[in-house]
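Report on the structure
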Amino acid sequence: MKLNHSFNVYLRPKAPYSFELTVRKPAGWPLFTPLEIFQKGTLWTALHLDNLLLGLRLSSGGTVSKPQIVLSVFSGESLSPAQKLEIQKILGAKLSVENDLTDFYRLAEKDPILKHSVQDLYGMNDTELSHLYAAVCLSILLQMAPLKRSQEMMECFIRSYGEVAEFEGKRIPVWPTPERVANLSTAELAQKCKLGYRAKYVFQCARFLEQSSLPAFSELKQLSFEEAKNRLLKLPGIGDYSADIISPHRGFPIDVWSADIFSQLFYGAKPGATRTAIEQVKAEGIRRWGKWSWMAFFYTVQDLENLSRKLERDLRLF
DNA sequence: GCGTCCAGGTCTACC
DNA sequence: GGTAGACCTGGACGC
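Read on for an overview of the structure.

Remarks on the overall build of chain A
When its secondary structure is counted, chain A shows 16 helices and 7 strands. Taking 20 Å as the expected radius of gyration for a compact globule of 318 residues, we find that chain A reaches 20 Å, a close match to that expectation. For chain A, the proportion of its 318 residues judged to be buried stands at 53%. Entry remark: accessible area of chain A is about 15200 Å², with carbon and sulfur atoms responsible for 50%. Of the side-chain charges in chain A, 40 are positive and 34 negative, and the distance between the mean point of each set is 3 Å.

Observations regarding the side chain of T33
Following the sequence through the fold, T33 ends up in the loop between α1 (19–23) and β2 (37–39). Setting aside residues up to four positions removed in sequence, T33 forms contacts with T45, A46, I158, I172, P173, V174 and W175.

Comments concerning the state of the cysteines
Taken as a whole, this structure holds 1 disulfide when the rule is applied. Disulfide partner of C156: C193, at an S-S distance of 2.2 Å. Disulfide C156-C193: the torsion about the S-S bond is -75°, which places it as left-handed. Pair noted here: C156 is in helix α6 (residues 147–161) and C193 is in the loop between α8 (186–192) and α9 (198–210), with a separation of 37 residues, a long-range link. You can see C137 has no disulfide; the closest cysteine sulfur is in C205, sitting 7.3 Å from it.

A few points about the environment of G123
Tracing the backbone shows G123 in the loop between α4 (114–120) and α5 (132–141). On the accessibility criterion, G123 (0% relative accessible area) is buried. Measuring from C-alpha to C-alpha, the distance between G123 and Q83 comes to 30 Å, with 40 residues separating the pair along the chain. Aside from chain neighbours lying at most four places away, what touches G123 is P16, Y17, S18, T22, V64, L101, Y105 and Y299.

Looking at helix α3 (residues 102–109)
Those residues of α3 not exposed but buried are F104, Y105 and A108. Along the axis of α3, the buried residues cluster in a sector spanning 95°; they form a single face. Those residues of α3 hidden inside the fold are in contact with α4 and α15 (293–302).

Quick notes on the pattern of salt bridges
The full count for this structure, using the stated rule, is 16 salt bridges. Note that K221 and E128 form a salt bridge whose closest N and O atoms lie 2.8 Å from each other. Highlighted residues: K221 in helix α10 (residues 217–222) and E128 in the loop between α4 and α5, separated in sequence by 93 residues. K221 sits in the partly exposed class, given a relative accessible area of 35%. For E128, a relative accessible area of 15% gives the class buried. The network of salt bridges with common partners includes K229, D240, D244 and K282.

Rules behind the numbers
- Residues numbered from 1 in each chain as written.
- Chains lettered and ligands numbered in written order.
- Predicted model: local features only at pLDDT ≥ 70, side-chain atom pairs only at ≥ 80, totals over all residues.
- Heavy atoms only, no water.
- Helix = DSSP H or I, 4+ residues; strand = E, 2+ residues; numbered from the N terminus.
- Rg over C-alpha atoms; globule rule 2.2 N^0.38 Å.
- Buried < 20%, exposed > 50% of the residue type's maximum accessible area, 1.4 Å probe, protein only.
- Areas by Shrake-Rupley, 256 points an atom, 1.4 Å probe, with all protein chains shown as cover.
- Lys, Arg positive; Asp, Glu negative; His and termini not counted.
- Charge placed at Lys NZ, Arg CZ, Asp CG, Glu CD.
- Contact = heavy atoms within 4.5 Å.
- Disulfide = S-S within 2.5 Å.
- Arc of directions from axis to C-beta.
- Salt bridge = Lys/Arg side-chain N within 4 Å of Asp/Glu carboxyl O.

Printed below as a string of structure tokens:
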């Protein structure tokens, strides 16, 4: 879809805010779609907001201590001032411009693991996924597969069934909407992108969301952590790990891979039976970091390369 | 080359 | 209520 209309917005996030680390996370997590383009400090990406396809160009107009995001929004139709204001508000929230890292950094300074990560990734903020169904599909396609295969499934799924935002000579495919996927068949999903048993869940979740059986992202945010998670657990194929990834409140999403990492960080050794270590590691992370456990998880995972080097050298775990 | 195992979980039948 | 086994696929590994 060609997006020929545009308007510009200047966002002023709370400092510290590293534009580059926030929109282009070190572990390779994309902002809104795995097929977005990042070149010389500028990100071209796209997403659906309430079924409206938008293209975005983002760059930094400031510094970590005096941040500014220069944002151009592209749409297929002319938008009213009220629509533009609403879009600016939603994108600001997704980019965490009101996020205050002060309390988390205060905790991190005294923590033998986190003190390294916040130093390495100073000003990195978490961001919100493009929409609820995108988050659901992401978590399902991460299940029970090596990362490479998950990435292949995601890319095929997005290229095959997502709309393409065309603007400024770029073509950015976005995550499919539940309305589109609900009209497909499980067999087609399984065969075309080799989703395996996950095809059933991707399809059933699309039907579930299309029938509005679940609140939108913004509404889930208004609920308590437990209530939001309980609502998400009603989705087919969504268990404890996936709900922790999807929830706007976030959780401490420990799977086999991260249980291995955090077990080494907490206890200095790999877990014996990895599956059974998940609960133990999760409980320990929440005990140590409480309401900041998601941010601790987020910073640790993004900083693994630096962290493993530093921990080998001088970390004394408590 | 071929067979087996298992991976960044979740569901369900069975006890 | 707790738990073993099944579920798609493909890469790694042993033979």
